[in-house]
Amino acid sequence: MSAPLMMVLATLLFAAMGVCVKFASQHYATGEIVFYRGLVGAIAMALLLRSRGIAMSTRLPAMHFWRSASGVTALSLWFYAIGGLPLATAMTLNYMSSVWMALFLIGGAIVLGGARTDGRLVATVLVGFVGVALILRPTIERDQLWHGLMGLLSGLLSAMAYLQVTALGRAGEPEPRVVFYFSLGGMAAGLLISIPFGGFHVHGDWFAATMLLAVGLLATAAQLLMTRAYSIGRPLVNASLQYLGIVYAFIFGAVLFDDPIAPMALAGMALVVGAGLAAVRLRNTVAPRVAAPSTLEP
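Going along each chain's sequence as written, the residues are numbered from 1 onward. Under the rules for a predicted model, residues below a pLDDT of 70 receive no local features and side-chain atom pairs below 80 are neither given nor counted, while totals for whole chains, interfaces and linings still include all residues. To obtain the side-chain values, all non-hydrogen atoms of the structure were used and water was disregarded.

Asker: Before we move on, can you summarise the overall build of the chain with the specific residues and values?
Answerer: Working definition: helices are DSSP H or I runs of at least four residues, strands are E runs of at least two. Numbering for both runs from the N terminus. When helices and strands are tallied, the chain shows twelve helices and zero strands. Burial classification: accessible surface area is computed with a 1.4 Å probe over protein chains only, and a residue below 20% of its type maximum counts as buried, one above 50% as exposed, and the rest as partly exposed. Out of the 298 residues belonging to the chain, those deemed buried represent 53%. A 1.4 Å probe and the Shrake-Rupley method give the accessible areas. Residues count as covered only by the protein chains that appear here. Taken as a whole, the chain presents about 13000 Å² of accessible surface, with 71% of it coming from carbon and sulfur.

Asker: Talk me through the side chain of Glu 173; I want residue IDs and the actual numbers.
Answerer: Mapping Glu 173 onto the fold places it in the loop between helix H7 (145-170) and helix H8 (175-194). Any N or O atom pair separated by 3.5 Å or less is treated as a polar contact, with the protein-specific requirement of one donor-capable and one acceptor-capable atom, and with residues adjacent in sequence counted only for side-chain atom pairs. Within the local environment of Glu 173, its side chain forms a polar contact with the side chain of His 64, the two groups lying 2.5 Å apart. Apart from the residues within four sequence positions on either side, Glu 173 is in contact with Thr 58, Leu 60, His 64, Leu 168 and Val 178. The contact definition used throughout considers only heavy atoms, calling two residues in contact when any of these lie within 4.5 Å.

Asker: I'd like a rundown of the packing of helix H3 (residues 61-84) against H7, residues and numbers included.
Answerer: As a rule, the C-alpha atoms of each element are fitted with a line to give its axis, helices using only the stretch in contact, and angles between N-to-C directions run from 0 to 180 degrees. Between H3 and H7, the least distance of the axes is 7 Å, while the angle of their chain directions is 155°. Accordingly, the angle class assigned to the pair H3 and H7 is roughly antiparallel. Where H3 crosses over H7, the two elements pack in a sense that is left-handed. Each residue receives one of three labels: charged for Asp, Glu, Lys and Arg, nonpolar for Ala, Val, Leu, Ile, Met, Phe, Trp, Tyr, Cys and Pro, and polar for the others, Gly being one of them. Here the contact of H3 with H7 is composed, by residue class, of 16 nonpolar, ten polar and one charged. An angle below 35 degrees is read as roughly parallel, one above 145 as roughly antiparallel, one from 65 to 115 as roughly perpendicular, and any other as oblique. Note on convention: the crossing is left-handed when the near helix lies turned anticlockwise from the far helix by less than a right angle, right-handed when the turn is clockwise.

Asker: Describe the packing of aromatic side chains, with residues and values.
Answerer: Planes of paired rings set the category: under 30 degrees apart is stacked, over 60 is edge-to-face and the rest tilted, where pairs are Phe, Tyr or Trp rings (Trp by its six-membered ring) whose centres lie within 6.5 Å. Under the criterion given, the structure shown has eleven aromatic pairs. On the numbers, 6.1 Å between centres and 35° between planes, the contact of Trp 78 with Phe 79 is tilted. Residue classification places Trp 78 among the buried positions, given a relative accessible area of 1%. For the ring pair Trp 100 and Phe 129, a centre distance of 5.0 Å and an interplane angle of 85° mean the geometry is edge-to-face. Placement of the pair is Trp 100 in helix H5 (residues 97-112) and Phe 129 in helix H6 (residues 119-141), with a sequence separation of 29 residues. Three or more aromatic residues joined by ring pairs form one cluster here, namely Phe 23, Trp 206, Phe 207 and Phe 257. Only lysine NZ and arginine CZ atoms are considered, and such an atom sits over a ring when it is within 6 Å of the ring centre and within 35 degrees of the ring normal. Positioned above the aromatic ring of Phe 257, the side-chain terminus of Lys 22 is 5.6 Å from the ring centre.

Asker: Run through the packing of H3 against H8, naming residues and quoting values.
Answerer: Contact geometry for H3 and H8: axes closest at 8 Å, N-to-C directions at 60°. Judged by the inter-axis angle, H3 sits oblique to H8. For the pair H3 and H8, the sense of crossing is right-handed. Counted together, His 64, Arg 67, Ser 68, Gly 71, Val 72, Leu 75 and Ser 76 of H3 and Arg 177, Val 178, Tyr 181, Phe 182, Gly 185, Gly 186, Ala 189 and Ile 193 of H8 form the full contact between these two elements. Here the residues of the contact of H3 with H8 are counted per class, giving seven nonpolar, six polar and two charged.

Limitation: the analysis is restricted to geometry and does not speak to function.
What follows is the structure, given as structure tokens:
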């Protein structure tokens, strides 16, 4: 299978995972969904590590802890946003991570007093946030602002997780092991969130339980496809195709949930996609050694 085809399929699976999260959120709390997503992922990655003869132990526990802390928090906020927003809106806010990373580059250049800040990066960030404003404008009118802000914050934390994933890769950690510890972090976070707030629901509804299982299976399969695509394909092409997830989410949301998407929100999504693609291209030009789009999220 070619890299572009794997990316198309991976983004479709991630969007389908969002559908399952939205269905599951009608029966389970966010912490429970995060826990079961981590459980399925941990089992799958443990089997993969075993099949490849890769040890589960790591010499970088602190790096894994901080990568998991930011990544799992981002995942939890994103799942929470999916439960209260139109699916395409929640997906777009999370995909703001590329724009956040461009903002990190600008901030780093200013703090370190390096070369003059690239004006194109500044423009990319501004366009991205104009897109977010357009997306959240109709959201505010539907009293869903809190979910929108959590979705935006999930994109910020995802960008931080991407930088930590890159650091782990440079330190020699294989991606299955990174995903394994990320999944363990998801299980731990799910427990910490769920136990103080009523614990876990009994699986009395077979459809809801199936959705929980599907979240983990779809996310794991999508991760494997995306990881392979980034290993053999062109990064910019892969990053461009990754934004198909927003298109899929829009279609799923309209067909399955009757999600109302205002024209203003559609314009905002287009700006975010454009800004994200520009940010990826400029990162390769301005700072080629900075994190590439992660293959390990969500």
